[in-house]
Amino acid sequence: MAIAPHIKELMNSKDASVIRKMFEEGALLKKEFGEDKVYDFSIGNPDLEPPEGVVQEIVSVAQNQQKGCHGYMPNAGYMETRIAMGKKVSLEQGVPVGGEQVVMACGAAGALNCLFKAILSPGDQVLVPAPFFAEYRHYVGNYQGDLVTVPCHKDFSLDLQAIENALSPKTAAILINAPNNPSGKIYSSQEIAGLAQVLRNHGEKTGRYPYLICDEPYRDIVYDNKQVAPVFPLYDNAVVVSSFAKNLSLPGERIGYIAVNPSCNSGNELVAACIFTTRILGFVNAPAFFQRVVAQSWNATVDYSSYETRRNQLMAVLDEVGITYFRPEGAFYLFCQVPSRNGGEADDKEFCDFLKKYRVLCAPGSGFGLKGWFRMAYCTSEATICNCKDSLRQAVLDWKK
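The paragraphs below set out a description of the structure included in this document. Remember, it's a predicted structure, so these values are computed and weren't measured experimentally.

### Focus on the overall build of the protein chain
Move 1: When helices and strands are counted, the protein chain shows 14 helices and 13 strands.
Move 2: On C-alpha atoms alone, the protein chain measures out to a radius of gyration of 21 Å, which is about the 21 Å that the 2.2 N^0.38 rule sets for 401 residues.
Move 3: A burial count over the protein chain gives 55% of its 401 residues as buried.
Move 4: In the protein chain, the share of contacts with a sequence separation of at least 24, taken over all contacts with a separation of at least 6, comes to 75%.

Structure follows, in structure tokens:
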């Protein structure tokens, strides 16, 4: 039987999951040449183990023999877990957030899909500054929305004028991600305040105040004393979406949440809609086991210093081989410029394919909405970072010939 034509088209498109494609090709290369001879920077799979506080809570929850502990609960999740997430978001946002403003979700991806299902009508637009996480386009398209990319300044700060120009009566939301995947950029409080004013001005003119959606799974992984700015005090129609995939190294457990600003217009209705979409999309509820785990261990202490160490090591390698990059302020990615070649336009996909000949695996920037760049995930071993230097240097030299 045939699959849906639009799904077949998406599966075969040139931008279809560039990260996963490179990751899977890397697995084949490792079988052929050996793990230590392949330098895989393709996927953002955190390599820190979950902290001890989380491990202890996993053991405790696993030993729970209470009757019905593996059964259904309300679609929004256990209230004790929602209250715990409210405490977490309250500390981050500087605004009291109760459990009734939180909906537990199957990771940040599941949270975004539930949220977009709740707010998008066919033809609605979601603005996103480029570069952006590659799957956003699919998440919006799932609900017949259109993702509208907006350029940033050269330092990846928000171009408020470009955002203002891109707003229209069809704009349902703007989606920002900080620290940004793939650039590691953190938007300043001044940028967020300016963005909030642009959205308010638009709402006053059109009667439609777009949601400001903040995707924050990397919030805690920051460097150089940077901080992710709160949004709830600055804009009423703000929603935070996050997970524990990156900060607690639990990507496979698919546990996240939606938190709606208590000041949001019709916020109770939005929460109710997200609860409804959680059910009808088939998620039903976030995983019961890990709802209990994170309710007690969301604030477990984690040492992220090894990410900073590896960031600095990889920057030193790139400096030595002559590749320019944006210095990341958070997350665990380096966003790099494709070296120029014969004075022509840099083709990031061609360059990433070229790197494979030297067993160096990176993700092309086109998949993140920005041509001429490529992403390197440094949540990998120090040996991979240090040992890739000769291969990367030769690749750059040969590329420029």
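### Side note on the pattern of salt bridges
Move 1: Counting across every chain of the model gives 17 salt bridges.
Move 2: Between Lys185 and Glu329 there is a salt bridge whose closest N-O contact spans 3.9 Å. Of the two residues, Lys185 is situated in the loop between strand 5 (171-177) and helix 8 (189-206) and Glu329 in the loop between strand 9 (325-326) and strand 10 (333-337); the sequence distance between them amounts to 144 residues.
Move 3: Owing to a relative accessible area of 8%, Lys185 belongs among the buried residues under this scheme.
Move 4: Judged by its relative accessible area of 13%, Glu329 is buried.
Move 5: The partner of Lys226 in a salt bridge is Glu329, with the nearest N and O atoms 3.7 Å apart. Residue Lys226 is located in the loop between strand 6 (211-215) and strand 7 (238-243), and its partner Glu329 is located in the loop between strand 9 and strand 10; the two are separated by 103 residues in the primary sequence.
Move 6: Ionic contacts of the salt-bridge type, sharing partners, join the residues Lys88, Glu92, Glu216 and Arg219 into one network.

### Let's talk about the nonpolar core
A general tendency of soluble globular proteins is for nonpolar side chains to be buried together.
Move 1: Of all hydrophobic cores here, the largest spans 47 residues; its most connected members are Met85, Leu212 and Phe244.
Move 2: A per-element tally of this core places helix 8 first, with five residues.
Move 3: Among residues more than four places away in sequence, those in contact with Met85 are Val102, Met104, Phe244, Tyr257, Val294 and Trp298.
Move 4: The next biggest cluster of nonpolar side chains, apart from the first, holds 38 residues, and it includes Tyr223, Cys336, Tyr358 and Met376.

### So, the environment of Lys37
Move 1: For Lys37, the location among the structural elements is in the loop between helix 2 (18-33) and strand 1 (39-40).
Move 2: Remark: the alpha-carbon pair of Lys37 and Asn75, spanning 38 residues in sequence, is separated by 47 Å.
Move 3: Only 3.2 Å separates the side chain of Lys37 from the side chain of Asp36, close enough to count as a polar contact.

### A closer look at the sheet that holds strand 9
Backbone-to-backbone hydrogen bonds join strands into a sheet, with any given pair of strands oriented parallel or antiparallel.
Move 1: In spatial order, the strands read 9-10-13-12; together these four strands make up an open sheet with antiparallel pairing. What marks the edges here is a single partner per strand, and that holds for strand 9 and strand 12 (363-364).
Move 2: Relative to strand 13 (residues 373-377), strand 10 is paired through five bridges, and the arrangement is antiparallel. Bridge pairing in strand 13 places Phe335 opposite Arg375.
Move 3: Along the sheet, helix 11 (residues 305-321) contacts strand 9, strand 10 and strand 13; its crossing angle with strand 10, the most-contacted strand, is approximately 15 degrees.

### Observations regarding the packing of helix 3 (residues 52-62) against helix 10 (residues 288-297)
Move 1: One way to put it is that helix 3 packs onto helix 10 with a least axis distance of 9 Å and a crossing angle of 135 degrees. Between helix 3 and helix 10, the crossing angle belongs to the class labelled oblique. Regarding helix 3 and helix 10, the two cross each other, and that crossing is right-handed. Mapping the contact onto sequence places Gly53, Val54, Glu57, Ile58, Val61 and Ala62 in helix 3 and Phe289, Phe290, Arg292, Val293, Gln296 and Ser297 in helix 10.

### Remarks on a nonpolar patch on the surface
Move 1: Where nonpolar side chains cluster on the molecular surface, the patch consists of Ile3, Ile7, Leu10 and Met11 and spans about 360 Å² of accessible area.
Move 2: Within the secondary structure, Leu10 sits in helix 1 (residues 5-12).

### Considerations on the pairing of strand 13
Move 1: With five of five residues buried, strand 13 lies mostly within the body of the structure.
Move 2: Note that strand 12 and strand 13 share two bridges and pair antiparallel. Note on strand 13: the bridge partner recorded for Ala363 is Arg375.

### Topic: the sheet that holds strand 2 (residues 102-105)
Move 1: With mixed pairing, the seven strands of this open sheet are ordered in space as 2-8-7-6-5-3-4. At either margin of the open sheet sits one strand with a lone partner, and together these are strand 2 and strand 4 (146-151). The sheet shows a mean angle of 25 degrees between the axes of neighbouring strands, direction not considered.
Move 2: Sheet analysis places strand 6 next to strand 7, joined by four bridges and oriented parallel. Directly across from Cys214, in strand 7, lies its bridge partner Val240.

### Considering the packing of helix 12 (residues 348-356) against helix 14 (residues 389-400)
Move 1: It is the contact of helix 12 with helix 14, at a shortest axis distance of 10 Å, that shows an interaxial angle of 130 degrees. With respect to their mutual orientation, helix 12 and helix 14 come out oblique. Handedness of the crossing formed by helix 12 with helix 14: right-handed. Contact residues: helix 12 offers Glu350, Phe351, Phe354 and Leu355, while helix 14 offers Leu392, Ala395, Asp398 and Trp399.
Move 2: Here the residues of the contact of helix 12 with helix 14 are counted per class, giving six nonpolar, no polar and two charged.

### Looking at helix 11
Move 1: End to end, helix 11 covers 25 Å across 17 residues, agreeing with the expected 24 Å (1.5 Å per residue, within 8%).
Move 2: Among the residues of helix 11, those classed as buried are Tyr307, Arg310, Arg311, Leu314, Met315, Val317, Leu318 and Val321. Considered in projection along helix 11, the buried side chains sweep an arc of 160 degrees and stay on one side of the axis.
Move 3: On its buried face, helix 11 is in contact with strand 9, strand 10, strand 13, helix 13 (382-387) and helix 14.
Move 4: Positive phi shows up at Gly322, right after helix 11, with a value of about 90 degrees.

The rules behind the values
- Residues numbered from 1 in each chain as written.
- Predicted model: local features only at pLDDT ≥ 70, side-chain atom pairs only at ≥ 80, totals over all residues.
- Heavy atoms only, no water.
- Helix = DSSP H or I, 4+ residues; strand = E, 2+ residues; numbered from the N terminus.
- Rg over C-alpha atoms; globule rule 2.2 N^0.38 Å.
- Buried < 20%, exposed > 50% of the residue type's maximum accessible area, 1.4 Å probe, protein only.
- Contact = heavy atoms within 4.5 Å.
- Salt bridge = Lys/Arg side-chain N within 4 Å of Asp/Glu carboxyl O.
- Core = buried A, V, L, I, M, F, W, Y, C linked by side-chain atoms within 4.5 Å.
- Polar contact = N/O pair within 3.5 Å; in protein donor to acceptor, adjacent residues only side chain to side chain.
- Pairing = 2+ DSSP bridges.
- Axes fitted to C-alpha atoms, helices over the stretch in contact; angles between N-to-C directions.
- Parallel < 35°, antiparallel > 145°, perpendicular 65-115°, else oblique.
- Left-handed = near helix turned anticlockwise from the far one by under 90°.
- Patch = residues over 30% accessible without salt bridge, like charges linked within 9 Å, V, L, I, M, F, W, Y side chains within 5 Å.
- Areas by Shrake-Rupley, 256 points an atom, 1.4 Å probe, with all protein chains shown as cover.
- Nonpolar A, V, L, I, M, F, W, Y, C, P; charged D, E, K, R; others polar.
- Expected span 1.5 Å × (residues − 1).
- Arc of directions from axis to C-beta.

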